[in-house]
Amino acid sequence: SANQADIEYLANRLVVNGMGANQFGPEQTLTRGQFAVMVNRALNFEATQKTAFVDIQGGWYEKDIQALYEKGIIKGVSDTAFDPNGHLTREQVAVMMTRILDYIAYPTAHLKTGAAYQDHHQISSYAKDSALILKNLNIMSGVNNTFAPQQPLTRSEMAKILKRTLEVAQLM
């Protein structure tokens, strides 16, 4: 899990906010809305259009979600819904981190090879390449050579993954 220094580094950059009274809630799972806000605080993208996602309109995360959507980093669960309170799985996060690398044109084609996780067959087809890319970049490491693609991510795990992605992408 992320160490205190990772969390403090991101907190100092206003990427992560606590759960009130300086508590980060590191073992709490992350919602899609919280994740989008964390990522966009790091990337600082501006939304230029009104969102089509009716379930985020007026929400504290609306502009961050819309900005990342416009850049192709996140997608909705449908054309009009984002599901901001839904939880993210490890494979969904892997795909989004790979999209950040794609956005800055980081070369990843050569990273789609190598030893797969033991549970590679359990990773959804859309996320298989991303899991390998992030494994090879040491951004996401599995446990005992398993990726656990359907597991939700905790806030501390997300802080670690986001920090490593930003370092690889040289965005911090």
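Residues numbered from 1 in each chain as written. Predicted model: local features only at pLDDT ≥ 70, side-chain atom pairs only at ≥ 80, totals over all residues. Heavy atoms only, no water.

(A) Summary view of a nonpolar patch on the surface. Where nonpolar side chains cluster on the molecular surface, the patch consists of Tyr103, Ile104 and Leu171 and spans about 230 Å² of accessible area. For leucine 171, the position within the fold is in the segment after helix H6 (155–168). (Patch = residues over 30% accessible without salt bridge, like charges linked within 9 Å, V, L, I, M, F, W, Y side chains within 5 Å. Areas by Shrake-Rupley, 256 points an atom, 1.4 Å probe, with all protein chains shown as cover. Salt bridge = Lys/Arg side-chain N within 4 Å of Asp/Glu carboxyl O. Helix = DSSP H or I, 4+ residues; strand = E, 2+ residues; numbered from the N terminus.)

(B) Broad picture of the confidence of the model for the protein chain. In the predicted model, the protein chain carries a mean pLDDT of 85, and the fraction of residues at 70 or more is 84%. For the protein chain, helix H1 (residues 4–12) is the element with the lowest average pLDDT, namely 57, and helix H3 (residues 62–70) is the one with the highest, namely 96. Between residues 18–23, whose pLDDT stays under 50, and residues either more than four places distant or in other chains, the model counts 8 contacts. (pLDDT = per-residue confidence, 0-100. Contact = heavy atoms within 4.5 Å.)

(C) The arrangement of the pattern of salt bridges in detail. Evaluated as defined, the whole model comprises 2 salt bridges. A salt bridge links lysine 112 to aspartate 129; the nearest nitrogen and oxygen atoms lie 4.0 Å apart. On the criterion of sequence distance, the pair formed by lysine 112 in the loop between helix H4 (90–103) and helix H5 (128–136) and aspartate 129 in helix H5 is long-range, its members being 17 residues apart. Close ionic contact of lysine 163 with glutamate 167 constitutes a salt bridge, the shortest N to O distance being 2.9 Å. Within this pair, lysine 163 and its partner glutamate 167 are both found in helix H6, separated by 4 residues, close to a single helical turn. On the accessibility criterion, lysine 163 (14% relative accessible area) is buried. Assessed through its relative accessible area of 39%, glutamate 167 is described here as partly exposed. (Buried < 20%, exposed > 50% of the residue type's maximum accessible area, 1.4 Å probe, protein only.)

(D) Local environment of the environment of valine 37. By the secondary structure assignment, valine 37 is in helix H2 (residues 32–43). As a C-alpha pair, valine 37 and lysine 63 span 26 residues in sequence and 8.7 Å in three-dimensional space.

(E) Spatial organisation of the packing of aromatic side chains. Counted according to the given criterion, the structure contains 5 aromatic pairs. Both rings, one in phenylalanine 53 and one in phenylalanine 82, keep their centres 5.7 Å apart while their planes meet at 45°; by these two values the pair is tilted. Of this pair, phenylalanine 53 sits in the loop between H2 and H3 while phenylalanine 82 sits in the loop between H3 and H4, placing them 29 residues apart in sequence. Comparing phenylalanine 53 with phenylalanine 82 shows no difference in burial state: the two are buried. Ring centres of tyrosine 117 and phenylalanine 147 lie 5.2 Å apart, and the angle between their planes is 40°; on these two criteria the pair is classed as tilted. (Phe/Tyr/Trp six-rings, centres within 6.5 Å; stacked < 30°, edge-to-face > 60°.)

(F) Layout of H6. In this model H6 runs 20 Å from its N-terminal to its C-terminal C-alpha over 14 residues, within 8% of the 20 Å that 1.5 Å per residue would give. Of all 14 residues in H6, 10 are buried, a share of seventy percent or more. Among the residues of H6, Arg155, Ser156, Met158, Ala159, Lys160, Ile161, Leu162, Lys163, Thr165 and Leu166 are the ones counted as buried. Residue glutamine 170 follows H6 closely and has a positive phi angle near 55°. (Expected span 1.5 Å × (residues − 1).)

(G) Structural context of unusual backbone geometry. The phi dihedral of alanine 105 is positive, around 60°, even though this residue is not glycine. Given the relative accessible area of 61%, alanine 105 is considered exposed. Located in the positive-phi region is asparagine 138, a residue other than glycine, with phi close to 60°.

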